[in-house]
Amino acid sequence: MASTPRSTDRRTSGSPGGQSSAALLLGKQFKQMQKDKDIPGISCGLVGDDVFEWEVMLMLSEDQDSMYGGGCFRARMTFPPTYPHLPPKMKFSTSIFHPNVYPNGDVCISILHPPGDDQYGYEQASERWSPVQSPESILLSVISMLGSPNDESAANLEAGSLWREDRKEFRRRVRKCVRDSMEGGWD
């Protein structure tokens, strides 16, 4: 009797138990983040039971960030089957006005760029993704990015321009995002 090839997806492989090493690592990292109580303002959950899709809530206090403080920003992290060798993608589902967040919500930060040299010579390889990074280090970097935008390489050109040239208007737009996130952050 001929055997039928088993279909595989990013969660399975020939490893014992049928889970890929990426799925096992992500499961371990997810459980660790659930246990850690010293990560203020970060809440994570799986989308369905898919360890490769995380829903994240960043609840920033005024102490953490004077501009985005008080906001509740939802995002999704999508991990590739080759994790941790390649970085996840992160996208805010809550509207956020920031130089390093594209208008569609995609986060643009060095730690999420694939490893190796930057073809444009802007980033050093040491600033980009490496397999020693974790979901926790990504989220802490994003929180830091919110308070310290990189306007040299803006993903949102309008936000980058306002950050450089009209901080009062930039701050007004950010505070509106914070208010909106507080109203819709828990939906």
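These numbers were taken from a predicted model, which means no experiment stands behind them.

**Comments concerning the pattern of salt bridges**
Item 1. Under the counting rule described, the total for this entry stands at six salt bridges.
Item 2. Across the pair Glu 53 and Arg 76 runs a salt bridge, and its minimum N-O distance is 3.9 Å. Taken together, the residues Glu 53 in strand E2 (residues 50-59) and Arg 76 in strand E3 (residues 72-78) connect sequence positions 23 residues apart.
Item 3. Note on Glu 53: relative accessible area 14%, which makes it buried.
Item 4. The salt bridge partner of Glu 158 is Arg 173, with a shortest N-O separation of 2.8 Å. In this pair, Glu 158 is assigned in helix H3 (residues 157-165) and Arg 173 in helix H4 (residues 167-184), connecting sequence segments 15 residues apart.
Item 5. Note on Glu 158: relative accessible area 42%, which makes it partly exposed.

**Re the nonpolar core**
One broad trend across soluble globular proteins is that nonpolar side chains are buried collectively.
Item 1. Membership of the largest hydrophobic core comes to 44 residues, with the highest contact counts inside it found for Trp 54, Leu 58, Tyr 68, Met 90, Phe 92, Leu 139 and Phe 170.
Item 2. Where this core is concerned, the elements lending two or more residues are helix H1 (21-35), strand E1 (42-47), E2, E3, strand E4 (89-92), helix H2 (135-147), H3 and H4.

What counts and what doesn't
- Residues numbered from 1 in each chain as written.
- Predicted model: local features only at pLDDT ≥ 70, side-chain atom pairs only at ≥ 80, totals over all residues.
- Heavy atoms only, no water.
- Salt bridge = Lys/Arg side-chain N within 4 Å of Asp/Glu carboxyl O.
- Helix = DSSP H or I, 4+ residues; strand = E, 2+ residues; numbered from the N terminus.
- Buried < 20%, exposed > 50% of the residue type's maximum accessible area, 1.4 Å probe, protein only.
- Core = buried A, V, L, I, M, F, W, Y, C linked by side-chain atoms within 4.5 Å.

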